[in-house]
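# Fold and contact review
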Amino acid sequence: MSIEVRTVGDDDIPGWITALAGGFLHPPVATDEDVAFRTAHYDPARTQGAYDGGRCVATFRSFAQELTVVGGARLSADAVTGVTVSPTHRRRGLLTRMVENDLRAAKERGDTVSTLIAAEYPIYGRFGYGPAAWTTSWRIDVARTRLDPRHAAPESGGRIDFATSEEVRALGPGLHDRFRVRVPGAVSRTDAWWDRNTGTVRLPSSPWTERHNAVYRSPSGEIEGLACFTVKARWEAKRPENTALVDGLIATTPAAERALWQFLCSIDWVLHVDTGNRGPDDLLPHFLGDPRAAAVQDHSDFLWLRPLDVPRMLEARTYPVSGSLVLEVEDRAGLAGGRFLLDAGPDGATCTPTTRSAQLALGVGELATLYLGDAPASRLAALGTVREERAGAVATADLLLHTAARPWCPDMF
Ligand SMILES: CC(C)(COP(=O)(O)OP(=O)(O)OC[C@H]1O[C@@H](n2cnc3c(N)ncnc32)[C@H](O)[C@@H]1OP(=O)(O)O)[C@@H](O)C(=O)NCCC(=O)NCCS
(Lines give C-alpha, C1' and ligand atoms only; values in the text may rest on other atoms or scores of the structure.)
Protein backbone atom coordinates (compact mmCIF):
# COMPACT_ATOMS: atom_id res chain seq x y z
CA MET A 1 0.00 0.00 0.00
CA SER A 2 1.40 3.42 -0.87
CA ILE A 3 2.09 5.88 1.90
CA GLU A 4 0.33 9.22 1.74
CA VAL A 5 2.20 12.39 2.75
CA ARG A 6 -0.18 15.27 3.47
CA THR A 7 -0.84 18.27 5.68
CA VAL A 8 -2.71 17.52 8.88
CA GLY A 9 -5.97 18.79 10.42
CA ASP A 10 -7.22 19.04 14.02
CA ASP A 11 -8.43 15.42 14.06
CA ASP A 12 -4.96 14.18 13.14
CA ILE A 13 -3.20 15.92 16.04
CA PRO A 14 -3.28 13.10 18.65
CA GLY A 15 -1.84 10.54 16.20
CA TRP A 16 0.70 13.07 14.93
CA ILE A 17 1.92 13.82 18.48
CA THR A 18 2.16 10.10 19.26
CA ALA A 19 4.27 9.54 16.12
CA LEU A 20 6.47 12.58 16.94
CA ALA A 21 7.15 11.33 20.47
CA GLY A 22 7.82 7.77 19.29
CA GLY A 23 10.13 8.98 16.50
CA PHE A 24 12.26 10.78 19.11
CA LEU A 25 12.15 7.63 21.31
CA HIS A 26 10.02 9.35 23.98
CA PRO A 27 7.01 7.49 25.42
CA PRO A 28 4.54 7.44 22.49
CA VAL A 29 1.61 9.18 24.14
CA ALA A 30 -0.46 12.31 23.49
CA THR A 31 -2.04 13.76 26.62
CA ASP A 32 -5.08 16.05 26.49
CA GLU A 33 -2.80 18.98 27.45
CA ASP A 34 -0.37 18.19 24.62
CA VAL A 35 -3.23 17.98 22.12
CA ALA A 36 -4.77 21.27 23.31
CA PHE A 37 -1.40 23.11 23.18
CA ARG A 38 -0.45 21.73 19.77
CA THR A 39 -3.92 22.42 18.35
CA ALA A 40 -3.72 26.03 19.53
CA HIS A 41 -0.27 26.65 18.02
CA TYR A 42 0.18 24.57 14.88
CA ASP A 43 -0.12 25.88 11.35
CA PRO A 44 -2.16 23.30 9.38
CA ALA A 45 -0.63 24.40 6.05
CA ARG A 46 2.91 23.83 7.41
CA THR A 47 2.44 20.60 9.38
CA GLN A 48 2.89 17.37 7.45
CA GLY A 49 2.33 13.74 8.33
CA ALA A 50 2.85 10.50 6.46
CA TYR A 51 0.02 7.97 6.73
CA ASP A 52 0.14 4.23 6.25
CA GLY A 53 -3.35 2.73 6.43
CA GLY A 54 -4.51 5.62 8.62
CA ARG A 55 -1.60 5.44 11.08
CA CYS A 56 0.76 8.44 11.28
CA VAL A 57 4.32 7.17 10.60
CA ALA A 58 6.22 10.42 9.98
CA THR A 59 6.03 14.05 11.14
CA PHE A 60 7.40 17.36 9.88
CA ARG A 61 6.54 20.97 10.67
CA SER A 62 7.82 24.44 9.86
CA PHE A 63 7.11 27.90 11.20
CA ALA A 64 7.98 31.54 10.48
CA GLN A 65 11.21 32.73 12.07
CA GLU A 66 13.60 35.67 11.83
CA LEU A 67 17.33 35.03 11.56
CA THR A 68 19.82 37.76 12.45
CA VAL A 69 22.57 38.15 9.85
CA VAL A 70 25.92 39.93 9.89
CA GLY A 71 25.24 43.64 10.54
CA GLY A 72 21.96 43.06 12.41
CA ALA A 73 19.36 42.73 9.62
CA ARG A 74 16.77 39.98 10.05
CA LEU A 75 15.89 37.53 7.30
CA SER A 76 12.56 35.75 6.95
CA ALA A 77 13.36 32.11 7.60
CA ASP A 78 11.43 28.88 7.23
CA ALA A 79 12.28 27.08 10.49
CA VAL A 80 11.98 23.30 10.31
CA THR A 81 11.25 21.20 13.39
CA GLY A 82 9.46 18.07 14.61
CA VAL A 83 11.09 15.87 11.94
CA THR A 84 10.62 12.14 12.56
CA VAL A 85 10.06 8.98 10.58
CA SER A 86 8.93 5.90 12.49
CA PRO A 87 11.64 3.20 12.83
CA THR A 88 9.22 0.92 10.96
CA HIS A 89 9.24 3.21 7.88
CA ARG A 90 12.78 4.62 7.63
CA ARG A 91 14.91 4.86 4.45
CA ARG A 92 11.94 4.75 2.10
CA GLY A 93 12.14 8.40 1.12
CA LEU A 94 9.51 9.82 3.53
CA LEU A 95 11.80 12.55 4.89
CA THR A 96 12.79 13.43 1.33
CA ARG A 97 9.15 13.90 0.31
CA MET A 98 8.37 16.10 3.32
CA VAL A 99 11.50 18.30 2.99
CA GLU A 100 10.89 18.81 -0.71
CA ASN A 101 7.26 19.86 -0.08
CA ASP A 102 8.32 22.29 2.63
CA LEU A 103 11.20 23.90 0.69
CA ARG A 104 9.00 24.37 -2.39
CA ALA A 105 6.33 26.08 -0.26
CA ALA A 106 8.95 28.24 1.52
CA LYS A 107 10.36 29.38 -1.81
CA GLU A 108 6.86 30.25 -3.09
CA ARG A 109 6.15 32.15 0.13
CA GLY A 110 9.29 34.23 -0.39
CA ASP A 111 11.36 33.01 2.55
CA THR A 112 15.05 33.79 2.10
CA VAL A 113 16.47 30.77 3.92
CA SER A 114 15.34 27.62 5.67
CA THR A 115 16.81 26.82 9.11
CA LEU A 116 17.02 23.80 11.38
CA ILE A 117 19.03 22.20 14.16
CA ALA A 118 20.28 18.86 12.84
CA ALA A 119 20.01 15.82 15.12
CA GLU A 120 22.75 14.10 13.11
CA TYR A 121 25.29 15.57 10.71
CA PRO A 122 24.63 13.34 7.65
CA ILE A 123 20.89 13.98 7.34
CA TYR A 124 20.41 17.38 5.67
CA GLY A 125 23.37 18.18 3.39
CA ARG A 126 21.71 16.34 0.52
CA PHE A 127 18.79 18.79 0.67
CA GLY A 128 21.04 21.86 0.31
CA TYR A 129 21.44 22.69 4.00
CA GLY A 130 24.91 23.50 5.32
CA PRO A 131 26.22 23.93 8.87
CA ALA A 132 26.19 27.70 9.51
CA ALA A 133 26.81 28.21 13.24
CA TRP A 134 28.66 25.90 15.60
CA THR A 135 28.21 25.71 19.33
CA THR A 136 30.48 25.11 22.31
CA SER A 137 29.60 24.31 25.90
CA TRP A 138 31.95 24.60 28.83
CA ARG A 139 32.09 23.27 32.38
CA ILE A 140 33.52 25.85 34.78
CA ASP A 141 35.51 24.58 37.75
CA VAL A 142 34.65 27.43 40.13
CA ALA A 143 37.65 26.86 42.43
CA ARG A 144 40.01 27.42 39.50
CA THR A 145 38.45 30.66 38.25
CA ARG A 146 40.52 32.88 40.57
CA LEU A 147 37.42 35.02 41.07
CA ASP A 148 36.96 36.29 44.59
CA PRO A 149 33.40 35.50 45.76
CA ARG A 150 33.64 38.42 48.19
CA HIS A 151 33.51 40.68 45.11
CA ALA A 152 30.42 39.15 43.53
CA ALA A 153 28.72 42.54 43.04
CA PRO A 154 29.14 43.70 39.41
CA GLU A 155 32.30 45.77 38.89
CA SER A 156 30.28 47.88 36.43
CA GLY A 157 28.22 49.36 39.26
CA GLY A 158 25.11 47.58 37.95
CA ARG A 159 23.08 45.15 40.06
CA ILE A 160 21.75 41.60 39.94
CA ASP A 161 18.37 40.55 41.32
CA PHE A 162 16.41 37.34 41.11
CA ALA A 163 13.17 37.41 39.11
CA THR A 164 10.20 35.07 39.16
CA SER A 165 9.28 33.13 36.03
CA GLU A 166 6.24 35.42 35.62
CA GLU A 167 8.59 38.42 35.63
CA VAL A 168 10.83 36.71 33.05
CA ARG A 169 7.77 36.05 30.87
CA ALA A 170 7.12 39.81 30.96
CA LEU A 171 10.66 41.21 30.59
CA GLY A 172 12.27 38.41 28.55
CA PRO A 173 10.88 39.13 25.05
CA GLY A 174 11.99 42.79 25.08
CA LEU A 175 15.47 41.92 26.34
CA HIS A 176 15.76 39.11 23.80
CA ASP A 177 14.78 41.41 20.92
CA ARG A 178 17.58 43.81 21.94
CA PHE A 179 20.00 40.90 22.36
CA ARG A 180 19.35 39.10 19.08
CA VAL A 181 20.05 42.06 16.76
CA ARG A 182 23.65 41.98 18.02
CA VAL A 183 24.19 38.27 17.35
CA PRO A 184 24.41 36.87 13.80
CA GLY A 185 22.87 33.40 13.92
CA ALA A 186 20.35 34.26 16.67
CA VAL A 187 16.71 33.52 15.91
CA SER A 188 13.39 34.99 17.03
CA ARG A 189 11.37 33.30 19.77
CA THR A 190 7.63 32.70 19.46
CA ASP A 191 5.09 33.38 22.24
CA ALA A 192 4.76 29.60 22.57
CA TRP A 193 8.54 29.41 23.19
CA TRP A 194 8.27 31.93 26.03
CA ASP A 195 5.21 30.19 27.49
CA ARG A 196 6.97 26.82 27.58
CA ASN A 197 10.31 28.20 28.74
CA THR A 198 8.91 30.14 31.67
CA GLY A 199 6.54 27.42 32.87
CA THR A 200 3.50 29.51 31.85
CA VAL A 201 2.37 26.45 29.89
CA ARG A 202 3.38 23.07 31.33
CA LEU A 203 3.08 19.92 29.30
CA PRO A 204 3.34 16.43 30.78
CA SER A 205 5.56 15.43 27.84
CA SER A 206 8.24 17.97 28.83
CA PRO A 207 8.16 18.36 32.61
CA TRP A 208 8.96 21.84 33.91
CA THR A 209 11.56 22.56 36.58
CA GLU A 210 11.31 26.02 38.10
CA ARG A 211 14.49 28.03 37.43
CA HIS A 212 16.53 30.60 39.27
CA ASN A 213 16.46 33.72 37.11
CA ALA A 214 19.17 36.36 37.63
CA VAL A 215 18.52 39.73 35.98
CA TYR A 216 21.33 42.25 35.44
CA ARG A 217 20.51 45.97 35.46
CA SER A 218 23.00 48.63 34.36
CA PRO A 219 23.90 51.53 36.70
CA SER A 220 21.14 53.55 34.98
CA GLY A 221 18.58 50.77 35.60
CA GLU A 222 18.39 49.27 32.09
CA ILE A 223 17.78 45.52 31.95
CA GLU A 224 20.81 44.24 30.06
CA GLY A 225 21.09 40.55 30.87
CA LEU A 226 19.35 37.43 32.11
CA ALA A 227 20.76 34.09 33.29
CA CYS A 228 18.36 31.21 33.96
CA PHE A 229 19.64 28.15 35.76
CA THR A 230 18.70 25.08 37.73
CA VAL A 231 20.91 23.35 40.27
CA LYS A 232 21.91 19.70 40.39
CA ALA A 233 22.28 19.05 44.11
CA ARG A 234 24.96 16.74 45.45
CA TRP A 235 26.43 16.42 48.91
CA GLU A 236 29.41 14.20 49.62
CA ALA A 237 30.62 13.57 53.20
CA LYS A 238 28.74 16.67 54.38
CA ARG A 239 30.37 18.80 51.68
CA PRO A 240 28.22 20.61 49.11
CA GLU A 241 29.22 19.75 45.53
CA ASN A 242 26.42 21.33 43.51
CA THR A 243 26.44 22.12 39.81
CA ALA A 244 24.60 25.10 38.33
CA LEU A 245 23.10 24.16 34.95
CA VAL A 246 22.68 27.30 32.87
CA ASP A 247 19.60 27.20 30.69
CA GLY A 248 20.21 30.38 28.72
CA LEU A 249 22.32 33.45 29.47
CA ILE A 250 21.68 36.43 27.21
CA ALA A 251 23.10 39.93 27.52
CA THR A 252 23.14 43.13 25.50
CA THR A 253 26.52 44.35 26.81
CA PRO A 254 29.82 42.66 27.72
CA ALA A 255 29.53 44.23 31.20
CA ALA A 256 26.24 42.42 31.79
CA GLU A 257 27.66 39.17 30.44
CA ARG A 258 30.72 39.41 32.67
CA ALA A 259 28.62 40.27 35.74
CA LEU A 260 26.27 37.30 35.23
CA TRP A 261 29.07 34.74 34.77
CA GLN A 262 30.90 36.10 37.79
CA PHE A 263 27.69 35.93 39.79
CA LEU A 264 27.13 32.29 38.79
CA CYS A 265 30.68 31.52 39.92
CA SER A 266 30.15 33.16 43.30
CA ILE A 267 27.22 31.12 44.61
CA ASP A 268 27.98 29.18 47.80
CA TRP A 269 27.68 25.37 47.42
CA VAL A 270 28.19 25.58 43.63
CA LEU A 271 31.45 23.91 42.58
CA HIS A 272 30.75 23.69 38.86
CA VAL A 273 28.82 25.77 36.34
CA ASP A 274 27.70 24.05 33.12
CA THR A 275 27.27 26.79 30.54
CA GLY A 276 25.01 25.05 28.02
CA ASN A 277 25.08 26.11 24.36
CA ARG A 278 27.36 29.15 23.71
CA GLY A 279 28.99 30.58 20.61
CA PRO A 280 32.33 28.94 19.73
CA ASP A 281 34.26 32.17 20.42
CA ASP A 282 32.23 33.20 23.44
CA LEU A 283 33.95 35.68 25.76
CA LEU A 284 33.25 33.50 28.79
CA PRO A 285 36.63 31.85 29.42
CA HIS A 286 38.29 35.28 29.40
CA PHE A 287 35.95 36.66 32.05
CA LEU A 288 37.61 34.23 34.44
CA GLY A 289 40.93 34.92 36.18
CA ASP A 290 42.13 31.62 34.74
CA PRO A 291 40.43 30.92 31.38
CA ARG A 292 41.38 27.24 31.68
CA ALA A 293 38.88 26.97 34.54
CA ALA A 294 36.32 26.61 31.70
CA ALA A 295 36.86 23.25 30.01
CA VAL A 296 35.15 22.50 26.69
CA GLN A 297 32.51 19.80 27.07
CA ASP A 298 31.02 19.86 23.61
CA HIS A 299 31.89 21.49 20.31
CA SER A 300 29.80 20.73 17.25
CA ASP A 301 27.71 22.00 14.35
CA PHE A 302 24.35 23.38 15.50
CA LEU A 303 22.36 25.73 13.22
CA TRP A 304 22.02 24.64 9.59
CA LEU A 305 20.87 26.97 6.80
CA ARG A 306 19.40 26.28 3.39
CA PRO A 307 19.64 29.28 1.02
CA LEU A 308 16.44 29.93 -0.93
CA ASP A 309 17.14 33.39 -2.37
CA VAL A 310 20.84 34.11 -2.89
CA PRO A 311 20.57 37.79 -3.95
CA ARG A 312 18.33 38.71 -0.97
CA MET A 313 20.63 36.85 1.42
CA LEU A 314 23.80 38.47 0.21
CA GLU A 315 22.29 41.95 -0.01
CA ALA A 316 20.99 41.70 3.57
CA ARG A 317 24.34 41.33 5.34
CA THR A 318 27.09 43.90 5.74
CA TYR A 319 30.65 43.78 4.39
CA PRO A 320 33.80 45.23 6.01
CA VAL A 321 35.58 46.16 2.74
CA SER A 322 34.69 46.93 -0.88
CA GLY A 323 34.99 44.32 -3.57
CA SER A 324 33.15 42.22 -6.13
CA LEU A 325 32.88 38.53 -6.78
CA VAL A 326 31.10 36.36 -9.36
CA LEU A 327 29.67 33.32 -7.59
CA GLU A 328 28.51 30.15 -9.33
CA VAL A 329 26.03 28.71 -6.83
CA GLU A 330 25.07 25.11 -7.49
CA ASP A 331 21.72 23.83 -6.26
CA ARG A 332 20.71 20.30 -7.26
CA ALA A 333 17.10 21.00 -6.26
CA GLY A 334 16.89 23.97 -8.65
CA LEU A 335 15.57 26.37 -6.00
CA ALA A 336 18.31 28.95 -5.54
CA GLY A 337 21.24 28.28 -7.86
CA GLY A 338 22.66 30.50 -10.57
CA ARG A 339 25.57 32.82 -11.33
CA PHE A 340 25.53 36.04 -9.34
CA LEU A 341 27.62 39.19 -9.25
CA LEU A 342 28.10 40.40 -5.69
CA ASP A 343 29.20 44.01 -5.51
CA ALA A 344 29.69 44.86 -1.87
CA GLY A 345 31.18 47.45 0.44
CA PRO A 346 30.75 49.07 3.83
CA ASP A 347 27.85 51.19 2.44
CA GLY A 348 25.80 48.27 1.13
CA ALA A 349 25.70 45.51 -1.44
CA THR A 350 23.97 44.47 -4.63
CA CYS A 351 23.75 40.91 -5.85
CA THR A 352 22.32 40.22 -9.31
CA PRO A 353 22.24 37.40 -11.85
CA THR A 354 25.10 37.75 -14.33
CA THR A 355 26.58 36.17 -17.47
CA ARG A 356 30.16 37.10 -16.51
CA SER A 357 32.65 34.27 -15.94
CA ALA A 358 32.44 32.59 -12.55
CA GLN A 359 35.22 33.35 -10.06
CA LEU A 360 34.20 31.09 -7.19
CA ALA A 361 32.02 27.96 -7.51
CA LEU A 362 30.25 26.45 -4.53
CA GLY A 363 27.13 24.54 -3.50
CA VAL A 364 24.23 26.17 -1.63
CA GLY A 365 25.30 24.31 1.52
CA GLU A 366 28.80 25.80 1.34
CA LEU A 367 27.30 29.26 0.86
CA ALA A 368 25.40 28.62 4.11
CA THR A 369 28.70 27.91 5.90
CA LEU A 370 30.33 31.10 4.59
CA TYR A 371 27.33 33.38 4.98
CA LEU A 372 27.28 34.18 8.70
CA GLY A 373 31.07 34.02 9.03
CA ASP A 374 31.32 30.55 10.55
CA ALA A 375 34.25 29.63 8.30
CA PRO A 376 36.34 31.55 5.74
CA ALA A 377 36.32 30.59 2.04
CA SER A 378 40.01 29.59 2.26
CA ARG A 379 39.08 26.87 4.78
CA LEU A 380 36.45 25.41 2.46
CA ALA A 381 38.86 25.72 -0.50
CA ALA A 382 41.44 23.73 1.49
CA LEU A 383 38.79 21.09 2.09
CA GLY A 384 37.96 21.10 -1.61
CA THR A 385 34.33 22.12 -1.13
CA VAL A 386 34.60 25.51 -2.88
CA ARG A 387 36.39 25.87 -6.22
CA GLU A 388 38.46 28.85 -7.27
CA GLU A 389 37.71 29.54 -10.93
CA ARG A 390 39.80 32.73 -11.08
CA ALA A 391 43.09 33.19 -9.16
CA GLY A 392 42.59 35.41 -6.12
CA ALA A 393 38.85 34.77 -5.76
CA VAL A 394 39.23 32.85 -2.49
CA ALA A 395 41.32 35.65 -0.96
CA THR A 396 38.71 38.20 -2.10
CA ALA A 397 35.92 36.12 -0.54
CA ASP A 398 37.88 35.86 2.72
CA LEU A 399 38.18 39.65 2.93
CA LEU A 400 34.64 40.46 1.80
CA LEU A 401 32.89 37.95 4.06
CA HIS A 402 35.16 38.45 7.08
CA THR A 403 33.31 38.94 10.38
CA ALA A 404 34.54 40.08 13.79
CA ALA A 405 33.03 37.08 15.56
CA ARG A 406 31.67 33.68 14.69
CA PRO A 407 27.87 33.36 14.61
CA TRP A 408 25.90 31.84 17.45
CA CYS A 409 22.37 30.42 17.61
CA PRO A 410 21.46 30.18 21.30
CA ASP A 411 18.18 28.34 20.75
CA MET A 412 17.24 24.75 20.08
CA PHE A 413 14.05 24.62 17.99
C1 LIG B 1 16.39 11.24 10.10
C2 LIG B 1 15.10 10.61 9.61
C3 LIG B 1 13.98 11.62 9.72
C4 LIG B 1 15.29 10.18 8.13
O5 LIG B 1 14.06 9.75 7.61
P6 LIG B 1 13.97 8.74 6.35
O7 LIG B 1 12.58 8.76 5.86
O8 LIG B 1 14.58 7.46 6.71
O9 LIG B 1 14.90 9.49 5.27
P10 LIG B 1 14.89 9.23 3.69
O11 LIG B 1 14.47 7.81 3.42
O12 LIG B 1 14.12 10.30 3.00
O13 LIG B 1 16.45 9.41 3.41
C14 LIG B 1 16.99 10.14 2.37
C15 LIG B 1 18.47 9.85 2.28
O16 LIG B 1 19.10 10.33 3.48
C17 LIG B 1 19.83 9.27 4.10
N18 LIG B 1 19.65 9.42 5.55
C19 LIG B 1 18.49 9.67 6.19
N20 LIG B 1 18.69 9.73 7.50
C21 LIG B 1 20.00 9.50 7.71
C22 LIG B 1 20.80 9.44 8.87
N23 LIG B 1 20.27 9.60 10.11
N24 LIG B 1 22.11 9.20 8.70
C25 LIG B 1 22.65 9.02 7.48
N26 LIG B 1 21.93 9.09 6.32
C27 LIG B 1 20.62 9.31 6.45
C28 LIG B 1 19.19 8.01 3.60
O29 LIG B 1 20.06 6.91 3.66
C30 LIG B 1 18.83 8.38 2.19
O31 LIG B 1 19.99 8.29 1.39
P32 LIG B 1 19.95 7.60 -0.06
O33 LIG B 1 18.94 8.39 -0.85
O34 LIG B 1 21.35 7.75 -0.53
O35 LIG B 1 19.53 6.20 0.18
C36 LIG B 1 14.74 9.35 10.44
O37 LIG B 1 15.80 8.43 10.35
C38 LIG B 1 14.45 9.64 11.89
O39 LIG B 1 13.31 9.90 12.25
N40 LIG B 1 15.49 9.59 12.77
C41 LIG B 1 15.31 9.80 14.21
C42 LIG B 1 14.81 11.21 14.56
C43 LIG B 1 15.67 12.26 13.91
O44 LIG B 1 16.90 12.20 13.92
N45 LIG B 1 15.02 13.29 13.35
C46 LIG B 1 15.68 14.43 12.74
C47 LIG B 1 15.61 15.57 13.69
S48 LIG B 1 16.52 16.97 13.10
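Not measured: the values here are computed from a predicted model.

## What about the overall build of the protein chain?
A tally of helices and strands in the protein chain yields 11 helices and 19 strands. Expected size for 413 residues packed as a compact globule is a radius of gyration near 22 Å; at 23 Å, the protein chain falls within 12% of this value. Structurally, the protein chain occupies a C-alpha span of about 70 × 60 × 40 Å along its principal axes. Every one of the 413 residues in the protein chain was classed for burial, and the buried ones make up 52%. With an accessible surface of roughly 19400 Å², the protein chain has 51% of that area assigned to carbon and sulfur atoms.

## Digging into the domain arrangement of the protein chain
Partitioning the protein chain into structural domains gives domain 1 (4-117), domain 2 (136-299) and domain 3 (309-401). Look at where the C-alpha atoms of domain 2 and domain 3 centre, and you get two points 37 Å apart.

## Section: the site of the ligand
Taken together, 19 residues surround the ligand, and among them Val-83, Val-85, Arg-91, Gly-93 and Thr-96 come closest. Arg-92 places a main-chain nitrogen or oxygen 3.3 Å from an oxygen atom of the ligand. Separating an oxygen atom of the ligand from a backbone N or O atom of Gly-93 is a distance of 2.8 Å. The protein chains hide 73% of the 890 Å² of surface that the ligand would expose on its own.

## Quick notes on the UniProt feature "binding site: acetyl-CoA" (unreviewed entry) in the protein chain
UniProt marks Val-83, Thr-84, Val-85, Arg-91, Arg-92, Gly-93, Leu-94, Leu-95 and Thr-96 with the feature "binding site: acetyl-CoA" (unreviewed entry), using the numbering shown here. Inspection of the secondary structure assignment puts Arg-91 in the loop between strand 4 (74-85) and helix 3 (94-109). Following the sequence through the fold, Thr-96 ends up in helix 3.

## Section: the sheet that holds strand 7 (residues 159-163)
Across a sheet, paired strands are connected by hydrogen bonds in the backbone, their directions being either parallel or antiparallel. Read from one edge of the open sheet, 12 strands run 1-2-3-4-5-14-6-13-12-9-8-7, paired in mixed fashion. Each having just a single partner strand, strand 1 (4-7) and strand 7 make up the two edges of the open sheet. Averaged over all adjacent pairs, the angle separating strand axes in this sheet is 25 degrees, with direction ignored. Bridge count between strand 3 (residues 55-68) and strand 4: 10 bridges; the pairing is antiparallel. In the strand pairing of strand 4, Gln-65 is matched with Ala-77.

## Here we look at the UniProt feature "active site" (unreviewed entry) in the protein chain
UniProt tags Tyr-124 and Phe-413 as "active site" (unreviewed entry). Position of Tyr-124 relative to the elements: it lies in the loop between strand 5 (113-117) and strand 6 (130-141). With near-sequence residues (within four places) excluded, Tyr-124 lies in contact with Val-83, Leu-116, Ala-118, Tyr-129 and Trp-304. You can see Phe-413 is positioned in the segment after helix 11 (393-401). When near neighbours in sequence (up to four residues on either side) are disregarded, Phe-413 contacts Phe-63, Gln-65, Ala-79, Val-80, Thr-81, Thr-115, Leu-116, Ile-117, Val-187 and Leu-303.

## Looking at the side chain of Thr-275
Topologically, Thr-275 is positioned in the loop between strand 13 (270-274) and helix 7 (284-287). Residue classification places Thr-275 among the buried positions, given a relative accessible area of 2%.

## What to know about the sheet that holds strand 16 (residues 338-345)
In space, the 5 strands of this open sheet follow the order 17-16-15-18-19, with mixed pairing throughout. Single-partner strands in this sheet number two, and they are strand 17 (348-353) and strand 19 (386-388). The average undirected angle you get between the axes of adjacent strands in this sheet is 25 degrees. Looking at chain direction, strand 18 (residues 360-363) and strand 19 are connected through 3 bridges and run antiparallel. Each residue of the ladder has a partner; that of Ala-361, found in strand 19, is Arg-387. Of the strands in this sheet, strand 15 (323-330), strand 16, strand 18 and strand 19 are in contact with helix 11, which crosses strand 15 at around 105 degrees.

## Some words on the pairing of strand 16
In terms of strand pairing, strand 15 meets strand 16 through 7 bridges, oriented antiparallel. When the bridges of strand 16 are listed, Glu-328 appears paired with Arg-339. Sheet analysis places strand 16 next to strand 17, joined by 6 bridges and oriented antiparallel. Note on strand 17: the bridge partner recorded for Ala-344 is Ala-349. The antiparallel pairing of strand 16 with strand 17 creates a hairpin that spans 2 residues between the two strands.

## Some thoughts on the pattern of salt bridges
Oppositely charged side chains can pair when the atoms bearing their charge come close. Summed over all chains, the structure comprises 27 salt bridges. Arg-109 is the salt-bridge partner of Asp-78, the closest N and O atoms lying 3.1 Å from each other. Pair noted here: Asp-78 is in strand 4 and Arg-109 is in helix 3, with a separation of 31 residues, a long-range link. Take Asp-78: its relative accessible area is 0%, and that puts it in the buried class. Judged by its relative accessible area of 38%, Arg-109 falls in the partly exposed class. Glu-236 is the partner of Arg-234 in a salt bridge, and the nearest nitrogen-oxygen pair spans 3.1 Å. In this structure Glu-236 comes out as partly exposed when scored by relative accessible area, which is 34%. In this structure, a network of salt bridges that share partners links the residues Arg-46, Asp-78, Arg-109 and Asp-111.

## Notes on helix 3
Within an α-helix, residues lying three or four positions from one another point in the same direction, as the helix has 3.6 residues per turn. Relative to the 22 Å expected for 16 residues at 1.5 Å per residue, helix 3 spans 23 Å between its end C-alpha atoms, a close match to the ideal helical length. Of the positions making up helix 3, those classed as buried are Leu-94, Leu-95, Met-98, Val-99, Asp-102, Leu-103 and Ala-106. Each buried residue of helix 3 sits inside an arc of 150 degrees when the element is viewed along its axis, so together they form one side. The inward-facing, buried residues of helix 3 contact strand 1, strand 2 (47-52), strand 3, strand 4, strand 5 and strand 14 (294-307). Looking at the residues trailing helix 3, positive phi occurs at Gly-110, about 100 degrees.

Cut-offs and rules
- Residues numbered from 1 in each chain as written.
- Predicted model: local features only at pLDDT ≥ 70, side-chain atom pairs only at ≥ 80, totals over all residues.
- Heavy atoms only, no water.
- Helix = DSSP H or I, 4+ residues; strand = E, 2+ residues; numbered from the N terminus.
- Rg over C-alpha atoms; globule rule 2.2 N^0.38 Å.
- Buried < 20%, exposed > 50% of the residue type's maximum accessible area, 1.4 Å probe, protein only.
- Areas by Shrake-Rupley, 256 points an atom, 1.4 Å probe, with all protein chains shown as cover.
- Domains from an automatic or database assignment.
- Near = heavy atom within 4 Å.
- Polar contact = N/O pair within 3.5 Å; in protein donor to acceptor, adjacent residues only side chain to side chain.
- UniProt positions renumbered as here; feature names shortened; annotations may be inferred.
- Pairing = 2+ DSSP bridges.
- Axes fitted to C-alpha atoms, helices over the stretch in contact; angles between N-to-C directions.
- Contact = heavy atoms within 4.5 Å.
- Salt bridge = Lys/Arg side-chain N within 4 Å of Asp/Glu carboxyl O.
- Expected span 1.5 Å × (residues − 1).
- Arc of directions from axis to C-beta.

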